[in-house]
Amino acid sequence: MNELDVAYDYLLNVSKGETPFSKIWEYVKEKCEMTNEEANSRIAQFFTNFQLDGRFVTVGENVWDLRERQTFDKVHIDMRDVYNDVEDTDKDEEDEEEVAYDMMGMDEEEIDLEEDSDDNSGDEDEVSYDVDETSDDDSIDFYN
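Described in the following lines is the structure provided in the data block. Remember, predicted model here, so these are calculated numbers, not experimental data.

## Notes on the overall build of the chain
Okay, step 1: Secondary structure assignment for the chain yields six helices and three strands.
Okay, step 2: Within the chain, buried positions represent 21% of all 144 residues.
Okay, step 3: Considering only residue pairs separated by 6 or more positions, the chain has 48% of its internal contacts joining residues 24 or more positions apart.
Okay, step 4: Split by element, the accessible area of the chain, about 11,900 Å² in all, is 46% carbon and sulfur.

Have a look at this one:
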């Protein structure tokens, strides 16, 4: 029996309900008779396969159960809510910038002007290149 089938058996017949991943993994390690070294080298791949296997579903905080025992409403994530949270975060960051400008007693345009003038301050330093004057003998004649 492969590791995913062992996990399925554990959730179906042993735990019979929502279970933290750590307990599922301990059971799989025991049933597959893994050494600690083997377990450490295999846990990442097992967790990836476990997440992708359609028989299992997370019910939050790394607690898992069989999809067949969970209602759609409990495990479904409305992606519109996720995207709205991202948009709200962007708006919050813009609001924080405005508060920072207000605390400095400046508006955003004044800050931009100061940054632009700081960028131009380096223009006064001219870069000079030393050209090594070579004799005419070192020149290349492309016409011959």
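## A few points about the pattern of salt bridges
Okay, step 1: One pass over the full model with this rule turns up five salt bridges.
Okay, step 2: Two residues, Glu3 and Arg42, come together in a salt bridge whose shortest N-O distance is 2.2 Å. In this pair, Glu3 is assigned in helix 1 (residues 3–15) and Arg42 in helix 3 (residues 36–52), connecting sequence segments 39 residues apart.
Okay, step 3: A salt bridge links Arg55 to Asp53, with the nearest nitrogen and oxygen atoms 2.9 Å apart.
Okay, step 4: What makes Arg55 partly exposed here is its relative accessible area of 28%.
Okay, step 5: The buried category is assigned to Asp53, whose relative accessible area is 16%.
Okay, step 6: The structure contains a network of salt bridges with shared partners spanning Asp5, Asp53 and Arg55.

Conventions and cut-offs
- Residues numbered from 1 in each chain as written.
- Predicted model: local features only at pLDDT ≥ 70, side-chain atom pairs only at ≥ 80, totals over all residues.
- Heavy atoms only, no water.
- Helix = DSSP H or I, 4+ residues; strand = E, 2+ residues; numbered from the N terminus.
- Buried < 20%, exposed > 50% of the residue type's maximum accessible area, 1.4 Å probe, protein only.
- Contact = heavy atoms within 4.5 Å.
- Areas by Shrake-Rupley, 256 points an atom, 1.4 Å probe, with all protein chains shown as cover.
- Salt bridge = Lys/Arg side-chain N within 4 Å of Asp/Glu carboxyl O.

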